[in-house]
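Listed below, chain by chain, are the residues.
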Amino acid sequence: MNDRPPRVVIVGGGFGGLAAAKALKNTPAQITLIDRNNHHLFQPLLYQVAIAVLGPGQIASPIRTILRRQRNTTVVLGEVTGVDKDRRCVFANSADRESVPVPYDYLLLATGASHSYFGHNEFEKFAPGLKGLADAVAVRNKILKAFETAEAEEDPSLHRNLLTFVLVGGGPTGVEMASAIATLVRAMVQSEFRRIDPSLARIVLVDRGSRVLGTFAESLSADAKARLEELGVEVRLGQGVDLIDEEGVIANGERIASKTVIWTAGVAPSPAGKWLGVETDHAGRVKIQGDLTVPGHPEIFVVGDTMTLNQNGKPLPGVAQVAMQQGRYAGKLIRSRIAGRPAPRPFSYFDKGNMAVVGKGFAILESHKFRLSGFLAWLAWAGIHLEFLSTSSLRVAVFLQWVWTYLTGQRGSRLIVNYHGTEPVHAEQGAPKLSGGRREEQLRSEHVRAE
Ligand SMILES: Cc1cc2nc3c(=O)[nH]c(=O)nc-3n(C[C@H](O)[C@H](O)[C@H](O)COP(=O)(O)OP(=O)(O)OC[C@H]3O[C@@H](n4cnc5c(N)ncnc54)[C@H](O)[C@@H]3O)c2cc1C
């Protein structure tokens, strides 16, 4: 008889994976959490790094630190590249090794999503998206550099294009970014720049839908749009983006000249469905069952942005609450199985509501039939986001920074940082061999450097 503790492998230390690991605390199991980043990232505040209110270290913590008191859990920095369901192992690349098999008795995939350019990957070069810390710092560099370039430009007729910011996508991230850039222009340009006329700055939000924040009630979408316009944001609805290049975008056949275009439009799930070779939806999300397992594999769980599951006839949304509740549920189910106890009832998502910020001191909030917009909603937004940050030190740091920024208008992290890789990257031959994540990171750094 085999009396070793069961091996639980969790891939992804985001909202879903971390919640699962915590739910397995004190379980007699050997838990391995693998993530290609060493940190857990609080994505809902990523846009605040991109618009220089917060620094990267204020919205992310090392996963190892978060789980330091959990003696049954080992954290591994590595990128998973595949799963062998028959041999029951995942393959991971680390800094100096490739395709290392990591065996499991239970597997939980919580690998999230990345941004999707809807088949137009050529847009990425000109319109970065916002998914990880490196993206947020690259976007911050781009925005801050636009102001610096305009200040250095002696011909004021060129200022307009340099100070035109285009956000593609009117979901929460697009709206939050657009309103935050508008606030940044007001607070920073007037007091610190001498040659730029703030009235020349143009912030354009483009979406092909008929309203911004389309997942909220119509009245709240209308409040958000009115607030954006009050802040000077040009909201262009019902307009698809046909082209993005170094000169700007073409939306609905019209050229909008801009040096700073930011993509906030779509997401694509991780390749977990391909690793498993199981049924997915049209976007590639793994179809799972009510107990969050993959059909025919009671030992494999998929949670968060990389799965699809219907509840009340509709797919669950790709939000942090779904990932956390699923992670917690999967952790409890694995714990029950290990203890030989009956399984809990099928997963049921409890929707606590949605929120989005539209500039300083204004947010919209919807929870079932309750709707609120304005300052009170913003206070609720701030309180809830502070509560969900992963450590107390982050909560204190972010709270103090917000109070300071609210009172003085000054930002916490307005630095243009150009990363310099230590190893030269040559296009194909002779390049040092890196795992996917590291290579992507390094190429991204090169891209930032080239800007
Ligand atoms: C800019 C932005 C703003 C958002 N704002 C909100 C908001 O306000 N409210 C809200 O509810 N939701 C928001 N979301 C969505 C929310 O962040 C996601 O729904 C949530 O993160 C999903 O959790 P997850 O565990 O599935 O994935 P994630 O939290 O993305 O975690 C995935 C983890 O897997 C790791 N990983 C991925 N692939 C591999 C691999 N091959 N090998 C090893 N590790 C891997 C990643 O490094 C990451 O740590 C926002 C998302 C973004 C991008």
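Computed from a prediction, not measured in an experiment: that's the story for all the values here.

Caption draft 1: Layout of the site of the ligand. Among the 27 residues in the neighbourhood of the ligand, the closest are listed as Gly16, Asp35, Gln43, Val80 and Asp305. For the ligand, an oxygen atom lies 3.2 Å from a polar atom in the backbone of Phe15. Val319 places a main-chain nitrogen or oxygen 3.4 Å from an oxygen atom of the ligand. Among the secondary structure elements, those contributing two or more residues to the shell around the ligand are α1 (15-23), β6 (79-84) and α9 (320-339). Of the residues belonging to the shell around the ligand, the class tally is 10 nonpolar, 12 polar and 5 charged.

Caption draft 2: Just the packing of helix α10 (residues 375-388) against helix α11 (residues 392-408), in detail. Viewed as axis vectors pointing N to C, α10 and α11 meet at an angle of 150°, and their least axial separation amounts to 9 Å. One finds that α10 runs roughly antiparallel with respect to α11. Facing Phe375, Trp378, Trp381, Ala382, His385, Leu386 and Glu387 of α10, the residues of α11 in contact are Arg395, Val398, Phe399, Trp402 and Tyr406. Its residues assigned to classes, the contact of α10 with α11 shows 9 nonpolar, 1 polar and 2 charged.

Caption draft 3: Focus on helix α7 (residues 218-230). With 13 residues, α7 extends 18 Å from end C-alpha to end C-alpha; this agrees with the ideal 18 Å at 1.5 Å per step. By the burial criterion, the buried members of α7 are Leu220, Ser221, Ala224, Arg227 and Leu228. Along the long axis of α7, the arc covered by the buried residues comes to 125°, so they all point the same way. Exposed residues on α7 whose side chains face more than 90 degrees from its buried face are Glu218 and Glu230. In this fold, the buried residues of α7 make contact with α6 (172-192), β12 (202-207), β13 (233-237), β26 (363-367) and β27 (370-374).

Rules behind the numbers
Residues numbered from 1 in each chain as written. Predicted model: local features only at pLDDT ≥ 70, side-chain atom pairs only at ≥ 80, totals over all residues. Heavy atoms only, no water. Near = heavy atom within 4 Å. Polar contact = N/O pair within 3.5 Å; in protein donor to acceptor, adjacent residues only side chain to side chain. Helix = DSSP H or I, 4+ residues; strand = E, 2+ residues; numbered from the N terminus. Nonpolar A, V, L, I, M, F, W, Y, C, P; charged D, E, K, R; others polar. Axes fitted to C-alpha atoms, helices over the stretch in contact; angles between N-to-C directions. Parallel < 35°, antiparallel > 145°, perpendicular 65-115°, else oblique. Contact = heavy atoms within 4.5 Å. Expected span 1.5 Å × (residues − 1). Buried < 20%, exposed > 50% of the residue type's maximum accessible area, 1.4 Å probe, protein only. Arc of directions from axis to C-beta.

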